[in-house]
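Chains, contacts and geometry: an overview
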Amino acid sequence: MGEELKDIISRFGLIDRTFENAKESIDNLVFEEKEKASKYGITSRESVQYDLDLCSYNISNLGLDTERQCVEVRVNYYYKKNVRGNKEDRYMGYYSALFDPCNAEIIDDYIVIDLL
């Protein structure tokens, strides 16, 4: 399973695609909720630090008629140093994309921001 996952990720460029989607999600957050984003020091995609969190091969509803396979790639978001008084980069949340392993179409994606 590990080699198959590496092959799918490499063949379809899923890591690069996920990073770009993660940055576009920050763009959308700033555009759609500028005041709220600004309040938390998110002013642009450049105001956020990005880091690869995980790549996994998921199978849901095992044994059921609706069994679904997907490849999940997740990118963590961090506040950069000196944003909101941070002395170091601090975890802010993540972006996750679920891809169909056969054709790399996005099945679902979501953003989670933990604004403590």
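To be clear, the structure that these remarks concern was listed above.
These numbers come from a predicted model, not from an experiment.

Here we look at the pairing of strand S3 (residues 90-99)
Among the 10 residues that make up S3, eight are buried, leaving the element largely enclosed by the rest of the structure. With nine bridges connecting them, strand S2 (residues 68-79) and S3 associate as antiparallel partners. Bridged to Asn 76 within S3 is Tyr 94.

Structural notes on the environment of Leu 52
In this fold, Leu 52 is placed in strand S1 (residues 48-60). Here Leu 52 falls in the partly exposed class, since its relative accessible area comes to 33%. The spacing of Leu 52 and Tyr 77 is 25 residues in sequence and 9.1 Å in space, taken between C-alpha atoms. When residues no more than four places from it in sequence are discounted, the contact partners of Leu 52 are Ile 15, Phe 19, Val 73, Arg 74 and Val 75.

Concerning helix H1 (residues 2-12)
When we look at burial in H1, the residues that qualify are Leu 5, Ile 8 and Ile 9. Within H1, the buried residues cover an arc of 95 degrees as seen down the axis, which keeps them to one side. Exposed side chains of H1 directed beyond 90 degrees from the buried face belong to Glu 3, Lys 6 and Ser 10. Directly after H1, the chain includes Gly 13, whose backbone phi takes a positive value near 60 degrees.

Quick word on the pattern of salt bridges
In a structure, side chains of opposite charge can pair up when their charged atoms sit close to one another. One pass over the structure, following the stated rule, counts seven salt bridges. Within the structure, one salt-bridge network assembled from shared partners comprises Glu 20, Asp 27 and Arg 45.

What about the packing of H1 against helix H2 (residues 14-32)?
The interhelical angle for the contact between H1 and H2, taken along N-to-C directions, is 60 degrees, at an axis separation of 6 Å. Judged by residue contacts, Ile 8, Ile 9 and Phe 12 of H1 engage Leu 14, Ile 15 and Arg 17 from H2. For the contact of H1 with H2, the class distribution of residues is five nonpolar, no polar and one charged.

Here we look at the side chain of Asp 100
As for its placement among the helices and strands, Asp 100 is situated in the loop between S3 and strand S4 (106-113). A distance of 2.7 Å separates a polar side-chain atom of Asp 100 from the backbone nitrogen of Cys 102. Not counting the four nearest positions on each side in its chain, Asp 100 is found in contact with Glu 105 and Ile 107.

Observations regarding the pairing of S4
Pairing analysis gives seven bridges linking S3 to S4, with the strands arranged antiparallel. Looking at S4, one finds that Ser 96 is bridged to Tyr 110. Between S3 and S4, which follow one another and run antiparallel, lie six residues, and Ala 104 among them has a positive phi close to 65 degrees.

Rules used in this analysis
- Residues numbered from 1 in each chain as written.
- Predicted model: local features only at pLDDT ≥ 70, side-chain atom pairs only at ≥ 80, totals over all residues.
- Heavy atoms only, no water.
- Buried < 20%, exposed > 50% of the residue type's maximum accessible area, 1.4 Å probe, protein only.
- Helix = DSSP H or I, 4+ residues; strand = E, 2+ residues; numbered from the N terminus.
- Pairing = 2+ DSSP bridges.
- Contact = heavy atoms within 4.5 Å.
- Arc of directions from axis to C-beta.
- Salt bridge = Lys/Arg side-chain N within 4 Å of Asp/Glu carboxyl O.
- Axes fitted to C-alpha atoms, helices over the stretch in contact; angles between N-to-C directions.
- Nonpolar A, V, L, I, M, F, W, Y, C, P; charged D, E, K, R; others polar.
- Polar contact = N/O pair within 3.5 Å; in protein donor to acceptor, adjacent residues only side chain to side chain.

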